[in-house]
Amino acid sequence: EPEVTQTPSHQVTQMGQEVILRCVPISNHLYFYWYRQILGQKVEFLVSFYNNEISEKSEIFDDQFSVERPDGSNFTLKIRSTKLEDSAMYFCASSELGTANYGYTFGSGTRLTVV
Amino acid sequence: GQNIDQPTEMTATEGAIVQINCTYQTSGFNGLFWYQQHAGEAPTFLSYNVLDGLEEKGRFSSFLSRSKGYSYLLLKELQMKDSASYLCAVRGGDPNRDDKIIFGKGTRLHILP
């Protein structure tokens, strides 16, 4: 069964450092998303991406965040200068246009710890 | 704005039936999803409703009433492995676009032997 792959599974970084979280969506999917989940809290929408541009972003997705699809397979989330409150589980998801009834397929997540 | 409400925690006994309720207020509606999430893992898709009524899939069923902004997830013949959080999520906005899914806070279900 096709899956969304995320790397690394865990990342520890110092406050103020830049991090790049990587995702390989399912190959025939057209829509890509990043969500985050702070420990004990709900899954929160960050950004959606379609046709090589951001479709929508939340208030959380400020100037410190950026996304990129540098080639035909990878989809990355960059946090330019990490803060302690960026510590969370970050999930990448993808979906195929026309199969909206199955929602998204989520990757297994990257646990980011900012110290 | 968007608001999704569901109970924080529920407890049920192995072999029993449990119903997890969800109410929502969203700007636009293009489907309601239920996801299961085990601790430390990604959400996994359980069910989808876009029309009123009951959708059954094995031990799990999901119901939707759009006029009431209400859904429930019904789990039958509970097993210990069903101990997890159950997330109600809604897609709003333009039905012609694959809009984002907004999640509720989740209901943590504890199964007792």
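Structure: see above.
All of the points below concern the structure found in this document. Source: prediction; values computed, not measured. (Residues numbered from 1 in each chain as written. Chains lettered and ligands numbered in written order. Predicted model: local features only at pLDDT ≥ 70, side-chain atom pairs only at ≥ 80, totals over all residues. Heavy atoms only, no water.)

As a further point, take the side chain of Gln-6 of chain B. Residues and elements named next belong to chain B. Within the fold, Gln-6 resides in the loop between β1 (3-5) and β2 (9-13). Looking at Gln-6, the relative accessible area reads 14%, which means it is buried. A distance of 3.0 Å separates a polar side-chain atom of Gln-6 from the backbone nitrogen of Cys-88. For Gln-6, the side chain forms a polar contact with the side chain of Thr-107, separated by 3.0 Å. For Gln-6, the contacting residues outside a window of four places in its chain are Ile-20, Asn-21, Cys-22, Trp-34, Tyr-86, Leu-87, Cys-88, Gly-104, Lys-105, Gly-106 and Thr-107. (Helix = DSSP H or I, 4+ residues; strand = E, 2+ residues; numbered from the N terminus. Buried < 20%, exposed > 50% of the residue type's maximum accessible area, 1.4 Å probe, protein only. Polar contact = N/O pair within 3.5 Å; in protein donor to acceptor, adjacent residues only side chain to side chain. Contact = heavy atoms within 4.5 Å.)

Here we take up the interface of chain A and chain B. Counting residues at the interface gives 21 residues for chain A, matched by 20 residues for chain B. On the chain A side of the interface with chain B, the three residues burying the most area are Lys-42, Tyr-104 and Phe-106 of chain A, jointly 26% of the side's total. At the boundary of chain A with chain B, the tally comes to one salt bridge. Salt-bridge contacts for Glu-56 of chain A lead to Lys-100 of chain B; the nearest nitrogen and oxygen are separated by 2.4 Å. Here chain A is connected to chain B by five residue pairs in polar contact (both at pLDDT 80 or more). Put simply, the parts of the chain that give the side of chain A that touches chain B at least two residues each are β4 (31-37), β6 (53-57) and β9 (88-95) of chain A. Among the elements that line the side of chain A that touches chain B, the one with the most residues is β4 of chain A, at four residues. In the side of chain A that touches chain B, the residues fall into 11 nonpolar, seven polar and three charged. (Buried area = accessible area lost by both parts, 1.4 Å probe. Salt bridge = Lys/Arg side-chain N within 4 Å of Asp/Glu carboxyl O. Nonpolar A, V, L, I, M, F, W, Y, C, P; charged D, E, K, R; others polar.)

In short, the description is geometric, and any link to function would need to be established separately.
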